[in-house]
Amino acid sequence: MSTPTRVPRLRGRQDEITALAGAVDRLAAGRPAVVLIEGEAGIGKTRLLSEAIEMARRRGLQVACGQAAELTQSRPFGLVMAALGCSPRSADPRRAGIAGLLAAHGADGEPVTVTSDPGLRFRVVDALADLVEELAVPGPLLITADDLQWADPSSLLMLGTLAARLSVLPVALIGCLRLFPRGIDLDRLITALDAAGAQRLTPGPLGADAVTGLAADLTAAEPGPGLLAGLSGAAGNPLFVTELIGALHADDAIRTAAGHAEVAGAGEIALPPTVGEAILRRAGRLPADTLQALRAAAVLGSWFTLTDLATVTGQSAVPLSEALAAALAAGILDDAGTGLRFRHDLIREALYADLPAGVRRGLHYEAGQRLAGRGAPALQVAAHLGRGAQAGDETAVQWLTRAAREAAARSPDIAADLLEQAAGLLGPADPRADQLRAERASCLMLAGRITETVALCRKLSGPGLARPVSVSVRGCLGQALIAQGHLQEALRELDKDPAAGAGALAWAAHARLWLGDLPGATATASRATAAADAAGDDLAASVARSTTARAAESAGRPARALEVIDAAVARADESPGRAGHRHPLQLIRGHILIELDELAEARAALDAGRRVSEELGVRWPRPAYQVFLGFARMIAGDWDDAVTELEAGLALAAESGLSYARGFGRGVLAMIAFHRNDLAAADREAGAAAADLADWSPEYRVSWAAWPQALVLEARGEPEQALAALAASWDRCAASGHTLQFPAIGADLVRLALAAGDSARAAAVAAGVTEMAAAGSVPWMTGAALRCQGLVAGDAGLLEQAAAAYARGTRPLGHALACEDAGRALLAAGHGDRGRALLDQAVTTYERLGAARALARAEAVLRAAGIRRGPRGPRGRPQSGWGSLTPAEQAVAGLVAEGLSNPQIGERLFVSRRTVQTHLAHVFAKLDISARAQLAAEVARHRAG
């Protein structure tokens with residue numbers, strides 16, 4: 001078969017090439033870039049991607065290339081593992097270690113499953129993202145991903161995670177995809193890439209001049225009018241043009257004379273009407289054994305190995321390799337290094353579609369059986385048996401189930417699809433179908449497909465369901481409904497079976513807590529604890545004990561709460577594989593310690609819990625860990641670092657959809673913004689917090705939305721509305737027994753009530769705070785009670801005692817506010833020296849915190865009393881430049897200059913990778929730079945100075 005003698009140039013794509021060159025330029029300068037190339041099959045996406053790869057390689061940049069294929073969609077992380085070279089045989093221990101995670105088996109030799117290790121998928125995601133960061137430290141890295149429409153869900157998840165980290169990495173991501181098919185996982189990735197600033201390229205049909213140029217390249221001559229007229233049917237698709245000319249060459253139907261190429265016989269030979277027919281006509285000129293091998297290869301997929309082809313055809317490798325040599329020479333196949341690949345998916349699809357449907361099914365089934373006999377991976381065997389099996393096929397059901405359980409921990413989306421295939425092969429009366437679909441519901445839940453989980457569980461629920469399956473389905477449905485915030489509905493489901501297992505009882509207690517039913521939550525948690533201990537259910541035991549601890553904390557007994565959670569942590573530490581820590585016990589322990597004014601120990605607990613979650617791959621609590629670390633820093637007066645931690649937590653919450661962490665984090669940001677006198681930001685964040693926390697009980701710090709909202713209303717001259725907002729929050733807490741919130745909001749509510757002339761409300765609030773504080777000896781709670789009493793009584797002595805109580809704790813803002821109240825009262829009582837001393841303390845603290853609003857108020861009190869303070873130095877940091885960096889930001893910048901990656905910096909500074917990333921984003925903005933290399937130069941300049 002004759003073929004074109006020249007490699008065609010890239011025609012008609014100057015705009016796209018310019019855009020790709022710009023992306024490579026940005027990458028070479030150390031800045032991130034994201035490009036998505038979208039278009040129909042054959043339009044030239046892969047060719048454009050190849051041009052970008054060559055540009056990067058010519059500039060000495062690192063390149064990692066991956067390509068997905070239709071029949072490898074069930075291989076977890078297949079696309080990114082191939083791109084990054086992660087295999088057990090890799091000489092790089094990092095890459096080999098990641099491959100080892102995917103090949104993990106338990107101590108009994110069985111595959112790791114969704115039950116035995118539900119966090120493995122996210123551990124692999126984090127390991128791959130960390131590898132990318134470390135690879136990018138020595139120099140910029142380009143990652144390409146072709147045929148994203150065929151990529152497995154776990155690879156798409158990992159690429160989306162990477163997109164969130166790109167802002168401070170010298171990494172570029174260029175992906176290609178067809179317009180169809182497009183599933184929910186791919187849509188999520190595209191959304192993440194768009195958020196990272198993706199540039200969209202959509203190459204359209206080639207113009208007439210480009211088609212003429214391409215035809216000239218392929219024929220090594222000037223195309224004549226007859227040939228060009230025939231090529232008009234290609235609709236400007238470069239692959240179609242190429243295959244049409246290839247088909248004409250195969251028919252020896254092109255005549256070249258005097259530098260012109262024309263269709264022989266002035267167009268008497270008909271051109272194929274479709275690209276598929278053009279491909280088949282061209283392939284039909286190949287030797288019979290080559291065509292037969294290609295058809296078998298098309299069943300295997302876009303990419304295949306000679307060993308697999310020999311297995312499914314029953315032939316030896318030598319004659320097969322000889323047969324395939326003709327396909328390589330004809331440009332049908334390409335050498336892919338470790339195997340062979342069809343030059344384009346459309347070629348493979350044309351050969352595959354030419355086989356009758358029944359023949360295709362039979363070939364797939366036989367391929368699955370032969371691959372199974374050779375000991376091929378279960379996922380590969382199942383992919384073929386699933387396409388070829390008939391209803392009732394026990395062998396296929398077994399392989400699909402086995403493959404699903406192997407894939408579950410690494411890619412629950414894939415497992416869910418395989419389990420549905422297996423269940424679909426069983427008869428409607430076969431009870432195993434319900435069991436497989438119940439298992440599928442657990443996979444959907446782990447994959448974050450909550451809506452689908454609820455729909456499947458509802459469909460499965462019914463009187464005919466076997467009891468073990470019914471218990472599993474009801475528990476899964478309850479958890480899914482809780483995740484959606486449908487707490488009442490979740491509780492109804494979890495309470496339906498009085499004899500339900502420990503897991504259902506534990507989650508029912510959890511739902512009651514979130515609904516504000518403290519007695520009910522405590523009682524149900526007690527039953528769940530007993531059932532979990534009897535059954536050895538470590539996860540249920542952690543959920544139940546944490547609910548008991550939270551209920552005690554919410555009821556104003558934090559010391560008792562700490563006893564309970566300490567016991568839960570000790571039990572989880574001893575559980576096999578630390579399974580008890582799959583519930584975030586250290587998160588609960590951390591915020592109990594914050595309430596007890598043990599901030600250093602609280603930060604240690606939160607950091608330890610964050611690390612355990614990362615090690616176990618339990619991803620959903622991570623936003624809450626970040627947010628509470630930010631809260632602890634806000635309480636300690638480290639507001640700049642608090643904002644960094646909070647922003648990192650909010651970014652994680654946006655990825656996971658954890659509305660409580662998002663709402664509370666925004667409430668804390670609103671309080672910081674208010675005290676910094678940024679009322680617009682405070683109002684914005686408080687409003688967003690209120691929306692996020694609308695369906696949560698007062699225990700979940702709903703006050704942290706109402707509180708800043710009330711302060712903003714007061715600042716804008718609307719004290720009545722401010723009082724109403726904060727009083728409503730107080731009343732909700734009081735009605736449900738959530739007295740933990742009383743000391744936090746009490747003093748401001750007393751102030752507002754007194755200003756409105758509502759002395760009864762003010763006295764009741766002071767009494768509530770005093771009762772709450774009397775339950776323990778926590779400095780800030782004692783200070784809050786004394787402050788409320790002093791404000792109600794107008795007693796300067798009580799206010800002085802409040803300031804002294806706060807001084808014994810770790811809350812500088814609370815101490816400063818108490819000093820301000822006491823100082824004002826003492827000045828009014830004629831005790832000028834004592835009053836001025838306390839106001840000086842308040843002013844000094846406000847200056848350090850950057851609490852501009854309180855600072856202006858305290859200084860106004862001093863001026864009104866005729867007190868003039870001496871000259872002051874600069875207040876706070878500048879807004880930009882090196883001097884604007886916080887100590888933590890300077891530490892991160894210094895480690896970047898030393899060449900450390902974000903994960904390494906996090907390990908060095910004992911903070912999360914996300915915190916490091918947020919610090920860097922702030923540093924880049926303050927210094928007006930966009931690359932780590934620029935930051936390293938800036939650090940060197942300041943060190944030299």
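Residues numbered from 1 in each chain as written. Predicted model: local features only at pLDDT ≥ 70, side-chain atom pairs only at ≥ 80, totals over all residues. Heavy atoms only, no water.

Novice: Teacher, can you tell me more about the side chain of D126 here?
Specialist: Mapped onto the elements, D126 comes out in helix 5 (residues 120–136). Exposure remark for D126: the relative accessible area of 6% places this residue in the buried category. Non-local contacts of D126, meaning those with residues more than four positions away in its chain, are made with R165, R619, R622 and R913. (Helix = DSSP H or I, 4+ residues; strand = E, 2+ residues; numbered from the N terminus. Buried < 20%, exposed > 50% of the residue type's maximum accessible area, 1.4 Å probe, protein only. Contact = heavy atoms within 4.5 Å.)

Novice: Any chance you could explain the nonpolar core here in plain terms?
Specialist: Within soluble globular proteins, side chains that are nonpolar generally end up buried alongside one another. Core analysis: the biggest nonpolar cluster contains 123 residues, and L294, F304, L309, I332, L333 and F342 have the highest contact counts within it. Residues in contact with I332, not counting those within four places in the same chain, are L286, L294, A327, R341, F342, R343 and I347. Residues L606, V627, W639 and F742 belong to the second largest nonpolar core, which totals 113 residues. (Core = buried A, V, L, I, M, F, W, Y, C linked by side-chain atoms within 4.5 Å.)

Novice: Explanation requested: helix 6 (residues 153–165) in the structure shown.
Specialist: Helical geometry note: an α-helix holds 3.6 residues per turn, so side chains three or four residues apart project in the same direction. Here helix 6 contains 13 residues, and its C-alpha end-to-end distance of 19 Å stays within 8% of the 18 Å for a straight helix at 1.5 Å per residue. The buried fraction of helix 6 is high, at eleven of 13 residues. All of the buried residues in helix 6 are P153, S154, S155, L156, M158, L159, G160, T161, L162, A163 and R165. (Expected span 1.5 Å × (residues − 1).)

Novice: What am I meant to see in the pairing of strand 3 (residues 141–146) here?
Specialist: On a regular strand, each side chain points to the face opposite its neighbour's, so the side chains alternate between the two faces of the sheet. Counting buried residues in strand 3 gives six out of six residues, a clear majority hidden from the surface. By the alternation rule, side chains of strand 3 split into L141, I143 and A145 and L142, T144 and D146, which are all buried. As judged from the six bridges shared by strand 2 (residues 62–67) and strand 3, these two strands associate in the parallel manner. Of the residues in strand 3, the one forming a bridge with G66 is A145. In this structure, strand 3 lies alongside strand 4 (residues 171–177), joined through five bridges in parallel fashion. Bridge pairing links L141 to V171 in strand 4. For the segment spanning strand 3, helix 6 and strand 4, crossover handedness is right-handed. (Pairing = 2+ DSSP bridges. Right-handed = clockwise from strand over helix to strand, strands pointing away.)

Novice: Would you mind going over unusual backbone geometry with me for this structure?
Specialist: A cis geometry characterises the amide bond from F180 onward to P181, with omega recorded as 0°. Looking at the secondary structure, you find P181 in the loop between strand 4 and helix 7 (184–195). Even without glycine at this site, D147 takes up a positive phi of about 55°. Relative to the elements of secondary structure, D147 occurs in the loop between strand 3 and helix 6. What makes D147 buried here is its relative accessible area of 8%.

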